[in-house]
Amino acid sequence: MSNLDPRPDEIECEAGGAPGGPEPGGARVEIIASRDVPLGGPRAMTVKRTLPQRQRSLIGAWCFVDHYGPDDVSRTGGMDVPSHPHTGLQTVSWLFEGNVTHHDSGDHHAVVRPGEVNLMTSGAGICHTEVSTQDTTVLHGVQLWTVLPDEHRQTSGRGFDHYVPEPVSFDGGSALVFMGSLLGSSSPVTTYSPLLGAEIRLDSGAELTLDVDPTYEHGLLVDTGDLTLEGVHVESSQLAYTGVGETTLTVRNTGDTPGRAVLLGGTPFEEEIVMWWNFIGRTHDEIARYRREWEEHSDRFGRVHGYIGHDPDGLARLPAPALPRTVLKPRANPDARARTD
């Protein structure tokens, strides 16, 4: 998915901090609220974005978290994102309801379906399109990005992974592990740093205590239900953050209806990055070069074949926003410990 913000944030992220021990009495929890972002057009569907923002820019290598829906496609028009570029990242598409077609310049063509992860690796440059299918009436899911480490961002190529995880059942619920390992289930999709991604479903009144890697920091994005993490209530579309050093995390559904959340995790990302619009680089000049090459139709990004948008008169290719008049400034990511003040 593209960042369609006409005035995208300028973000230079620094390392997250060194591992440490857990807080007495269990994990501390930092709540990261979402902000509404329209996803293009006069009838734009609205996504709720928790990462990146000034409070915290990264959780492991996770750098972008959008939560959307349930969205009435007849009212908003659904998703229709023309060809747009990416550098230095992987996009991770995960749906709860609806279907989305994907075409990219690596000649990968797929339908994103609920419970099936689609992961696109940009490498040095890629472009792609995303369109909700004609039979989709409700669109509901998350769109995620992860940063590629410097040693892989120019060499990983235009990759695409598709995986359908088997449900893992436990007393009071189930989980789908689409990246990394959890609850004895492991995903084979290609990642370039240690990462975790899983959908967790909890019945009313159920509680789940997870064994987690203490070198990871974690974020729990709540979709539905009255869920708590370590006893802290987390509203829908909020991201509950816990830092490194924890060996267990407890999620509880205190409500009368089923609950669902997405658990993200990874080791603190130790490189400084600059993130602007749909590009991740290392310097302002690098970002400016990516923008210029996109506007010049450079071979860096290639071409998309197969895109059919909802509007026959709509754009086939997104223009890049104007760069800010100032040089991108550093934005330090806080230490990998939850802040509750």
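Residues numbered from 1 in each chain as written. Predicted model: local features only at pLDDT ≥ 70, side-chain atom pairs only at ≥ 80, totals over all residues. Heavy atoms only, no water.

**Q** Even after reading the chapter, I still don't get the packing of aromatic side chains, so can you show me in this structure?
**A** For any pair of aromatic rings, geometry is given as the distance between the ring centres together with the angle between the planes. The tally for this structure, following the rule as stated, stands at eight aromatic pairs. Ring centres of Phe64 and Trp145 lie 4.0 Å apart, and the angle between their planes is 15°; on these two criteria the pair is classed as stacked. Pair noted here: Phe64 is in strand β5 (residues 62-72) and Trp145 is in strand β12 (residues 138-147), with a separation of 81 residues, a long-range link. Both residues of the pair, Phe64 and Trp145, count as buried. Measuring from ring centre to ring centre gives 5.5 Å for Trp294 and Phe301, while their planes differ by 90°; the resulting arrangement is edge-to-face. (Phe/Tyr/Trp six-rings, centres within 6.5 Å; stacked < 30°, edge-to-face > 60°. Helix = DSSP H or I, 4+ residues; strand = E, 2+ residues; numbered from the N terminus. Buried < 20%, exposed > 50% of the residue type's maximum accessible area, 1.4 Å probe, protein only.)

**Q** Explanation requested: the pairing of β5 in the structure shown.
**A** Side-chain direction in a regular strand flips from residue to residue, so the side chains alternate between the two faces of the sheet. Summarising burial for β5: eight of the 11 residues are buried, a large majority. Here strand β4 (residues 46-51) runs beside β5; their pairing, made up of four bridges, is antiparallel. Residue pairing across strands places Leu51 opposite Val65, the latter belonging to β5. Of the pairings in the sheet, the one linking β5 to β12 comprises eight bridges and is antiparallel in character. Counterpart to Asp72 in the pairing with β12 is Val138. (Pairing = 2+ DSSP bridges.)

**Q** I tried to follow the pattern of salt bridges on my own but got confused; where do I start?
**A** Pairing between side chains of opposite charge can happen when their charged atoms approach one another. Evaluated as defined, the whole model comprises 11 salt bridges. A salt bridge links Asp36 to Lys48, with the nearest nitrogen and oxygen atoms 2.8 Å apart. Placement of Asp36 in strand β3 (residues 35-38) and of Lys48 in strand β4 is noted, with a sequence separation of 12 residues between them. The closest approach of N and O atoms between Glu286 and Arg153, which form a salt bridge, is 3.0 Å. With Glu286 in helix α3 (residues 284-295) and Arg153 in helix α2 (residues 150-153), this pair connects stretches of sequence that are 133 residues apart. Within this structure, Glu30, Arg56 and Arg339 form a network of salt bridges that share partners. (Salt bridge = Lys/Arg side-chain N within 4 Å of Asp/Glu carboxyl O.)

**Q** I keep staring at unusual backbone geometry and nothing clicks. Help me out?
**A** Trans peptide bonds make up most of the peptide bonds, and negative phi angles are found at most residues other than glycine. Look at the link from Leu51 to Pro52: it is a cis peptide, with omega at 0°. Within the fold, Pro52 resides in the loop between β4 and β5. A cis amide bond links Gly69 to the next residue, Pro70, at an omega of 0°. Take Pro70: it is sitting in strand β5. For Ser237, which is not glycine, the phi dihedral falls at a positive 75°.

**Q** How do you make sense of the side chain of Asn333 when you look at a structure like this?
**A** Tracing the backbone through its elements, the reader meets Asn333 in the segment after α3. Judged by its relative accessible area of 5%, Asn333 falls in the buried class. At 2.7 Å, the side chain of Asn333 forms a polar contact with the backbone nitrogen of Ser57. Separated by 3.3 Å, the side chain of Asn333 and the backbone oxygen of Leu58 make a polar contact. (Polar contact = N/O pair within 3.5 Å; in protein donor to acceptor, adjacent residues only side chain to side chain.)

**Q** How should I be thinking about the nonpolar core in this particular structure?
**A** Within soluble globular proteins, side chains that are nonpolar tend to cluster in buried spots. Cys63, Val92, Leu144, Phe178 and Met179 are the most contacted members of the largest nonpolar core, which totals 37 residues. When contributions to this core are tallied by element, the ones reaching two or more residues are β5, β7 (89-97), β10 (117-121), β12, β15 (173-179), β23 (239-242), β25 (259-266) and β26 (273-276). Cys63 has contacts with Leu51, Pro52, Ser57, Leu58, Trp145, Thr146, Val147, Met275 and Ile280, leaving out every residue within four places of it along the chain. (Core = buried A, V, L, I, M, F, W, Y, C linked by side-chain atoms within 4.5 Å. Contact = heavy atoms within 4.5 Å.)

**Q** Teacher, can you tell me more about the side chain of Thr228 here?
**A** When you line up the elements, Thr228 lands in strand β21 (residues 227-229). Relative accessible area serves as the criterion here: at 9%, Thr228 is assigned to the buried category. For Thr228, the contacting residues outside a window of four places in its chain are His233, Thr250, Val251, Arg252 and Thr254.

**Q** What exactly am I supposed to notice about the sheet that holds β21 here?
**A** Sheet strands pair via backbone hydrogen bonds, and the direction of the pair is either parallel or antiparallel. The strand order across the open sheet formed by four strands is β19-β24-β21-β22, and the pairing between neighbours is antiparallel. Where the open sheet ends on each side, the last strands, each with one partner, are β19 (207-211) and β22 (232-234). Looking at each pair of strands side by side, their axes are set apart by 30° on average, direction ignored. (Axes fitted to C-alpha atoms, helices over the stretch in contact; angles between N-to-C directions.)

**Q** When you look at the environment of Asn118 in this model, what are you seeing that I'm missing?
**A** Inspection of the secondary structure assignment puts Asn118 in strand β10. A relative accessible area of 3% means that Asn118 is categorised as buried. As for Asn118 and Leu221, which are separated by 103 residues in sequence, their C-alpha atoms are 19 Å apart. Other than its neighbours up to four places away in sequence, Asn118 contacts Thr91, Val92, Ser93, Ala110, Val111, Val112, Phe160, Asp161 and His162.

**Q** What exactly am I supposed to notice about the confidence of the model for the protein here?
**A** Low-pLDDT portions of the prediction should not be read for the details of their coordinates. Residues of the protein with pLDDT of at least 70 account for 91%, and the chain-wide mean is 92. Long-range and interchain partners of residues 14-24, a stretch whose pLDDT sits below 50, account for 35 contacts in this model, where long-range means more than four residues apart. (pLDDT = per-residue confidence, 0-100.)

**Q** Before we go on, may I ask you to explain the sheet that holds strand β9 (residues 109-112) in this structure?
**A** The sheet built from four strands is open, its strands ordered β6-β11-β8-β9 with antiparallel pairing. Every interior strand has two partners, whereas the edge strands, β6 (80-86) and β9, have only one. In this sheet, neighbouring strand axes are inclined to one another by 20° on average, regardless of whether the strands run parallel or antiparallel. Here strand β8 (residues 100-104) runs beside strand β11 (residues 126-132); their pairing, made up of five bridges, is antiparallel. Each residue of the ladder has a partner; that of His102, found in β11, is Glu130.

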